[in-house]
Amino acid sequence: MKAGFVALIGRPNVGKSTLLNDLVGQKISITSRRPQTTRHRIHGIKTTEHGQAVYVDTPGMHASQKRAMNRYLNRAANSALLDVDVVVWVIDGPKWLPEDDLVLKRIKASKAPVILAINKIDRVEDKTLLLPFLENAAALHPFAALIPVSALKGFNLDALERKIMELLPEGEPIFAEDQITDRSERFLAAEIIREKLLRSLGQEVPHALTVEIEQFKTEGALTRIGALIWVEREGQKAIVIGHKGEGLKKVGERARLDLEHLLGGKVYLELWVKVKEGWSDDERTLRSLGYAE
Ligand SMILES: Nc1nc2c(ncn2[C@@H]2O[C@H](COP(=O)(O)OP(=O)(O)O)[C@@H](O)[C@H]2O)c(=O)[nH]1
Ligand SMILES: [Mg+2]
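Residues numbered from 1 in each chain as written. Chains lettered and ligands numbered in written order. Predicted model: local features only at pLDDT ≥ 70, side-chain atom pairs only at ≥ 80, totals over all residues. Heavy atoms only, no water.

1. Notes on the sheet that holds strand β9 (residues 266-275)
Picture the strands of a sheet paired through backbone hydrogen bonds; they go either parallel or antiparallel. Read across the sheet, three strands follow the order β7-β8-β9 without closing on themselves; strand pairing throughout is mixed. On the outer flanks of this sheet lie β7 (210-219) and β9, each paired with one strand and no other. Shown here is a sheet whose adjacent strand axes are inclined to one another by a mean of 15°, direction ignored. As paired elements, β7 and strand β8 (residues 222-231) share nine bridges and run antiparallel to each other. Across the sheet, the residue bridging to Glu219 is Leu222, located in β8. Sheet strands touched by helix α8 (residues 246-263): β7, β8 and β9. Its angle to β9, the strand with the most contacts, is close to 140°. (Pairing = 2+ DSSP bridges. Helix = DSSP H or I, 4+ residues; strand = E, 2+ residues; numbered from the N terminus. Axes fitted to C-alpha atoms, helices over the stretch in contact; angles between N-to-C directions. Contact = heavy atoms within 4.5 Å.)

Here it is in structure tokens:
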């Protein structure tokens, strides 16, 4: 049997979390086009007859270190590289940005074998572009493999999984065989609410937003969840709530459906929006809101 940790790393928005959910076969990590969708390291566990792969989803590596939140995100991403057996570096098709160079530097410092996963291949219309790109990429690092995939369409993931299994060390399963994540239902609930917010809001609010679960109570088949949505300014609060409360209502409805699916029962969800100025640039507040290693 094989067993070990597999880090999914790369710059923001390349599809790391989509890939994690696909590999595990269940939605564990939230996804959106917005920056900072993934803010935590999240384990997704996949056990098969060949062994157990513990995938570690990470925040995107990015250049900005300005705010405390950005520093936290980079720490969480970088430290994931330290103790893993295999690294899957995800890139966005043949689209190379300066932040990919930053990731390259980081993987050079890691001792684990690296698979380059060229994702979003469904978007590459002219496949002849791919070959010269792969040749150039192969020269950057002694990769264990270069594998074109589409996390969204589920294309070529079996090849990726096979290569990962091959590279994992021999060992006994690390987690119980039926466990699929290391995160609590409470954590997943906060994330689901944040995903619905990210997907319904414009460009400006995502960085300023976090969700704190205040109440999580199971009463038979019903779960009562009360959550605080923290933003940084009054204007953002108005945007989240929306005209006559419609914005918040939609977010609540969408989140409730996902939560009922996750928990397998009825959910009673209450959301409040509150302002805490500068929460994302204050180390202590960040820790109190769960942004701690
Ligand atoms: N077309 C296409 N879009 C994808 C693919 N994988 C992910 N995406 C989209 O890319 C965006 C970012 O995905 P996400 O998994 O959150 O990226 P992350 O920031 O690297 O975790 C989302 O809108 C996904 O639906 C893919 O294979 N093809
Ligand atoms: Mg992500």
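There is more to say after this.
2. Notes on the coordination of the magnesium ion (ligand 2)
The protein atoms donating to the magnesium ion (ligand 2) are Ser17 (OG) and Thr38 (OG1), with metal-donor distances spanning 1.9 to 2.1 Å. In this pair, Ser17 sits in helix α1 (residues 16-24) while Thr38 sits in the loop between α1 and β2 (42-47), placing the two residues 21 residues apart along the sequence. Taken individually, Ser17 and Thr38 each receive the classification buried, so the pair is uniform in this respect. (Donors = N, O, S within 2.8 Å, 3.2 Å for Na, K, Ca; no water. Buried < 20%, exposed > 50% of the residue type's maximum accessible area, 1.4 Å probe, protein only.)

3. Quick notes on the packing of aromatic side chains
According to the stated counting rule, one finds five aromatic pairs in the structure shown. Measuring from ring centre to ring centre gives 6.0 Å for Trp89 and Phe143, while their planes differ by 45°; the resulting arrangement is tilted. Of this pair, Trp89 sits in strand β4 (residues 86-92) while Phe143 sits in the loop between α4 (130-138) and β6 (145-148), and the two are 54 residues apart along the sequence. Aromatic rings pair up to connect Trp89, Trp96, Phe133 and Phe143 into one cluster. Sitting over the face of the ring of Phe187, Arg183 holds its NZ or CZ atom 4.2 Å from the ring centroid. Stacked on the ring of Trp230, the Lys or Arg Lys276 has its end atom at 4.3 Å from the ring centre. (Phe/Tyr/Trp six-rings, centres within 6.5 Å; stacked < 30°, edge-to-face > 60°. Lys NZ or Arg CZ within 6 Å of the ring centre and 35° of its normal.)

4. Re the sheet that holds strand β5 (residues 114-119)
If you trace the six strands from one edge of the open sheet to the other, you get β2-β3-β1-β4-β5-β6, paired in mixed fashion. Where the open sheet ends on each side, the last strands, each with one partner, are β2 and β6. The average angle at which neighbouring strand axes cross in this sheet is 25°, direction not considered. Of the pairings in the sheet, the one linking strand β1 (residues 2-9) to β4 comprises four bridges and is parallel in character. When the sheet's bridge partners are listed, Ile9 is paired in β4 with Trp89. Sitting on the sheet, helix α3 (residues 98-108) is in contact with β1, β4 and β5, with an inclination near 170° to β4.

5. Here we look at the domain arrangement of the protein
A common way to express how large an interface is: the accessible area buried when the components associate. What the domain assignment reports for the protein is domain 1 (2-167) and domain 2 (185-288). Look at where the C-alpha atoms of domain 1 and domain 2 centre, and you get two points 27 Å apart. Taken together, the 18 residues of domain 1 in the interface contact 23 residues of domain 2. Summed over both partners, the interface of domain 1 with domain 2 comes to about 1,800 Å²; 50% of that surface belongs to carbon and sulfur atoms. On the domain 1 side of the contact with domain 2, Ile30, Arg34 and Arg39 bury the most area, a combined 33% of that side's loss. Counting the contacts that link domain 1 with domain 2 gives three salt bridges. Counting across the domain 1 and domain 2 interface gives 13 residue pairs in polar contact (both at pLDDT 80 or more). (Domains from an automatic or database assignment. Buried area = accessible area lost by both parts, 1.4 Å probe. Salt bridge = Lys/Arg side-chain N within 4 Å of Asp/Glu carboxyl O. Polar contact = N/O pair within 3.5 Å; in protein donor to acceptor, adjacent residues only side chain to side chain.)

6. A few points about the side chain of Lys120
Turning to its location among the elements, Lys120 is positioned in the loop between β5 and α4. Judged by its relative accessible area of 17%, Lys120 falls in the buried class. Apart from the residues lying within four places of it in its own chain, the contact partners of Lys120 are Asn13, Val14, Gly15, Asp92, Val149 and Ser150.

7. What about the layout of surface pockets?
Computed from the structure, the largest pocket encloses a volume of approximately 770 Å³. When contributions to the lining of the largest pocket are tallied by element, the ones reaching two or more residues are α1 and α2 (68-79). Here the lining of the largest pocket takes three residues from α1, the largest share from any one element. Approximately 290 Å³ is the volume found for the second largest pocket. The wall of the second largest pocket is formed by 15 residues, among which Phe187, Ala190, Val211, Leu289 and Gly290 lie closest to the centre. (1 Å grid on protein atoms, 1.4 Å probe; cavity = no way out; pocket = protein on both sides within 12 Å on 5 of 7 lines; lining within 4 Å. Points joined across faces, edges and corners; volume = space filled by probe spheres on them.)

8. A word on the pairing of strand β3 (residues 51-57)
Among the seven residues that make up β3, seven are buried, leaving the element largely enclosed by the rest of the structure. A two-sided burial pattern is seen for β3, the buried positions comprising Gly51, Ala53, Tyr55 and Asp57 on one face and Gln52, Val54 and Val56 on the other. With seven bridges connecting them, β1 and β3 associate as parallel partners. Pairing of Phe5 across the sheet is with Val54, part of β3. The sheet contact formed by β2 and β3 spans six bridges and is antiparallel. Counterpart to His43 in the pairing with β3 is Val56.

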